[in-house]
Amino acid sequence: MTTIKERDRQVIWHPYTPMKVWPEAIAIVKGDGVYLIDEDGNRYIDAISSWWVNLHGHSHPYITQKVSEQLAVLEHCIFAGFTHEPAVRLAERLLEILPKGIKKIFYSDNGSTAVEVAIKMSLQYWNNKGAKKKKLVALQNAYHGDTFGAMAVSGRSVFTDAFTDFLFDVSFIPFPGKDSETESIAALENILRQGDVAAFIIEPLVQGSAGMCMYSAAILEQYFQLCKKYETIIIADEVMTGFGRTGPLFACDQVSTAPDIVCLSKGLTGGTMPLGITATTQEIFDAFYDDDRTKTLYHGHSFTANPTICAAALASLDLLLMDSCTESRYRIIDAHKAFGESVKTHPMIADVRQTGTIVAVELQTDNPSYHHSLRDVMYRFFLDKKIVMRPLGNIIYILPPYCISDAELEYIYKCIREMLENI
């Protein structure tokens with residue numbers, strides 16, 4: 001019998017995959033909590049939540065039940081001029097927990113489009129108000145998605161090289177590393193004081209694809225205060241950091257100044273289905289609320305606010321807001337801290353960094369890059385240990401579902417230690 005992975009090779013083009021180098025995919029047939037099970041019966045610990053989306057474990061019975069119930073009532077309807085209970089209820093519940101000042105929810109279908117919408121909202125907001133603010137500012141090495149607007153506000157890298165000539169200009173400020181915090185703050189203020197910046201977009205506290213680069217809440221607060229001072233829209237891209245990944249429900253909960261726009265996706269549905277949200281203030285919404293139809297936000301998707309997906313998100317929220325989930329997050333945080341302390345002085349390690357449930361280990365190398373040869377070596381090593389780990393060049397990280405047990409975490413730590421001794 002032909003296997004799934006053999007059939008896959010004939011017909012599928014996989015994302016972020018050099019297809020000649022990695023022509024064979026592992027065929028997964030079942031998900032069970034923290035495990036992915038392949039067609040040969042191998043059980044892999046999903047240490048990265050399947051690209052950071054899975055909060056509560058695979059095939060969670062409660063989410064499955066709520067999705068099934070919704071399918072029997074209403075599977076989909078157009079969302080232009082129509083509405084439904086799951087979309088309204090999800091918006092109501094999100095507004096209860098999002099940073100203060102957020103009042104409106106705009107639905108889309110993934111993280112990139114949530115960012116795309118935020119960019120369009122910001123630029124059109126100033127256009128609708130008759131202000132000449134067209135510049136966007138972002139951090140160096142940022143990653144905000146793969147659509148064109150999202151690529152434009154992302155750092156120039158191997159992800160964007162083929163499209164550089166087609167991306168609009170964006171001003172980038174230095175990442176606020178330990179030796180560049182003052183430089184980064186000064187660079188932002190120098191740009192903002194020119195008075196033509198429409199929006200500043202940032203991954204709060206953690207730059208994911210850049211290598212889990214982390215910075216302090218104090219710096220984030222200074223960025224936000226400067227934007228308020230110079231009347232610049234703040235876009236917080238919480239696609240990865242949202243829903244407890246940094247400890248609190250949102251990374252922006254760790255600062256006192258609230259963003260104007262928050263982008264959400266990934267963990268929004270517990271990893272069950274794709275959904276994007278661009279949440280914004282009443283002030284931004286009001287700039288589009290006009291008899292003049294040219295001020296309308298002309299953006300939408302066929303599956304906007306799909307009721308089945310909204311039901312999954314509501315179920316995931318139920319689980320997220322349980323005391324047991326909060327306890328699990330902080331249990332993971334404590335375990336990561338202890339692990340980081342135990343390995344940080346290893347000669348193979350350049351840095352160990354942690355924010356919330358995310359811990360990253362950077363290996364010593366003279367030439368760090370996304371395509372570093374260590375990446376493939378480490379990837380194969382962990383697969384052999386039945387762990388799904390997707391290194392970012394010479395950097396490995398653990399970003400697990402909250403249902404992971406202490407024993408499963410300890411097994412991952414043990415394998416990392418073994419790798420350090422044998423790589």
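The shown structure was predicted, so the numbers you read here are calculated from the model rather than taken from an experiment.

Caption draft 1: Region of interest: the sheet that holds strand S13 (residues 349-355). Strand order in this open sheet of 3 strands is S13-S14-S16, and the pairing throughout is antiparallel. Each having just a single partner strand, S13 and strand S16 (395-398) make up the two edges of the open sheet. Pairwise comparison of adjacent strand axes, ignoring direction, gives a mean angle of 15° for this sheet. Of the strand pairs in this sheet, S13 and strand S14 (residues 358-363) are connected by 6 bridges, and their pairing is antiparallel.

Caption draft 2: Up close: the pattern of salt bridges. This model, assessed by the stated rule, comprises 17 salt bridges. Of the charged contacts, one joins Glu24 and Lys5 as a salt bridge, the two residues approaching to 3.7 Å between their closest N and O atoms. One end of the pair, Glu24, is in the loop between helix H1 (4-11) and strand S1 (28-32); the other, Lys5, is in helix H1, and 19 residues separate them in sequence. Measuring nitrogen to oxygen at the nearest pair gives 3.3 Å for the salt bridge that ties Glu410 to Arg417. With a relative accessible area of 41%, Glu410 lands in the partly exposed category. Judged by relative accessible area, Arg417 falls into the partly exposed class, the value being 30%. Residues participating in the shared-partner salt-bridge network are Glu189, Arg193 and Lys229.

Caption draft 3: Local environment of the packing of aromatic side chains. Scanning all chains against the criterion turns up 15 aromatic pairs. Where Trp52 meets Tyr397, the ring centres are 6.1 Å apart and the plane angle is 80°; that geometry is what we call edge-to-face. Linking Trp52 in helix H2 (residues 49-52) with Tyr397 in strand S16, this pair joins segments that are 345 residues apart in sequence. Of the two residues, Trp52 and Tyr397, neither departs from the other in class, the shared state being buried. With a centroid separation of 5.3 Å and an interplanar angle of 90°, the aromatic rings of Phe381 and Phe382 are classed as edge-to-face. Here Phe381 matches Phe382 in class, with each residue buried. Put simply, the rings of Tyr16, Trp51, Tyr143 and Phe159 pair up and form one aromatic cluster.

Caption draft 4: Here's a closer look at helix H11 (residues 323-343). Between its first and last C-alpha, H11 extends 31 Å over 21 residues, near the 30 Å set by a 1.5 Å rise per residue. Three or more residues of H11 are buried, namely Cys325, Ser328, Arg329, Ile332, Ile333, Ala335, His336, Phe339, Gly340 and Val343.

Caption draft 5: Fine view of the environment of Cys263. Here Cys263 is to be found in strand S11 (residues 261-264). Using a relative accessible area of 0% as the deciding quantity, one classes Cys263 as buried. Taking the C-alpha atoms as reference points, Cys263 and Ala118, separated by 145 residues in sequence, lie 7.3 Å from one another. What Cys263 contacts, discounting residues up to four positions off in sequence, is Ala114, Val115, Ala118, Ile235, Ala236, Asp237, Glu238, Val239 and Ile277.

Caption draft 6: Representation of the pairing of S11. By the alternation rule, side chains of S11 split into Ile261 and Cys263 and Val262 and Leu264, which are all buried. Of the pairings in the sheet, the one linking strand S10 (residues 233-237) to S11 comprises 3 bridges and is parallel in character. Pairing of Asp237 across the sheet is with Cys263, part of S11. Relative to strand S12 (residues 276-281), S11 is paired through 4 bridges, and the arrangement is antiparallel. Within S12, the residue paired with Leu264 across the bridge is Ile277.

Caption draft 7: Looking closely at the sheet that holds strand S5 (residues 135-139). One open sheet accounts for 7 strands, arranged S4-S12-S11-S10-S7-S5-S6; its pairing is mixed. Unpaired on one side and paired on the other, strand S4 (102-108) and strand S6 (171-173) mark the two borders of the sheet. Averaged over all adjacent pairs, the angle separating strand axes in this sheet is 20°, with direction ignored.

Caption draft 8: Up close: the packing of helix H4 (residues 85-97) against helix H10 (residues 307-320). Running from amino to carboxyl end, H4 crosses H10 at an angle of 35°, the nearest separation of the two axes being 9 Å. Here the hand of the crossing between H4 and H10 comes out left-handed. On H10, the residues touching Pro86, Ala87, Arg89, Leu90, Arg93, Leu94 and Ile97 of H4 are Pro307, Cys310, Ala311, Ala313, Leu314, Leu317 and Asp318. Taken together, the residues of the contact of H4 with H10 sort by class into 11 nonpolar, no polar and 3 charged.

Caption draft 9: Quick look at the side chain of Asp8. With respect to the element layout, Asp8 can be found in helix H1. For the buried residue Asp8, which engages in no salt bridge, the nearest side chain bearing the opposite charge is Arg9, 7.9 Å off. Filtering out sequence-adjacent residues up to four positions away, Asp8 remains in contact with His14 and Ala25.

Caption draft 10: Structural view of helix H5 (residues 111-128). With 18 residues, H5 extends 25 Å from end C-alpha to end C-alpha; this agrees with the ideal 26 Å at 1.5 Å per step. Of all the 18 residues making up H5, 15 are buried; the element is thus mostly covered by neighbouring parts of the structure. Phi turns positive, to about 75°, at Gly130, one or two residues after H5.

Thresholds, definitions, all that
- Residues numbered from 1 in each chain as written.
- Predicted model: local features only at pLDDT ≥ 70, side-chain atom pairs only at ≥ 80, totals over all residues.
- Heavy atoms only, no water.
- Pairing = 2+ DSSP bridges.
- Helix = DSSP H or I, 4+ residues; strand = E, 2+ residues; numbered from the N terminus.
- Axes fitted to C-alpha atoms, helices over the stretch in contact; angles between N-to-C directions.
- Salt bridge = Lys/Arg side-chain N within 4 Å of Asp/Glu carboxyl O.
- Buried < 20%, exposed > 50% of the residue type's maximum accessible area, 1.4 Å probe, protein only.
- Phe/Tyr/Trp six-rings, centres within 6.5 Å; stacked < 30°, edge-to-face > 60°.
- Expected span 1.5 Å × (residues − 1).
- Contact = heavy atoms within 4.5 Å.
- Left-handed = near helix turned anticlockwise from the far one by under 90°.
- Nonpolar A, V, L, I, M, F, W, Y, C, P; charged D, E, K, R; others polar.
- Lys, Arg positive; Asp, Glu negative; His and termini not counted.

This is a description of form; function is not addressed.
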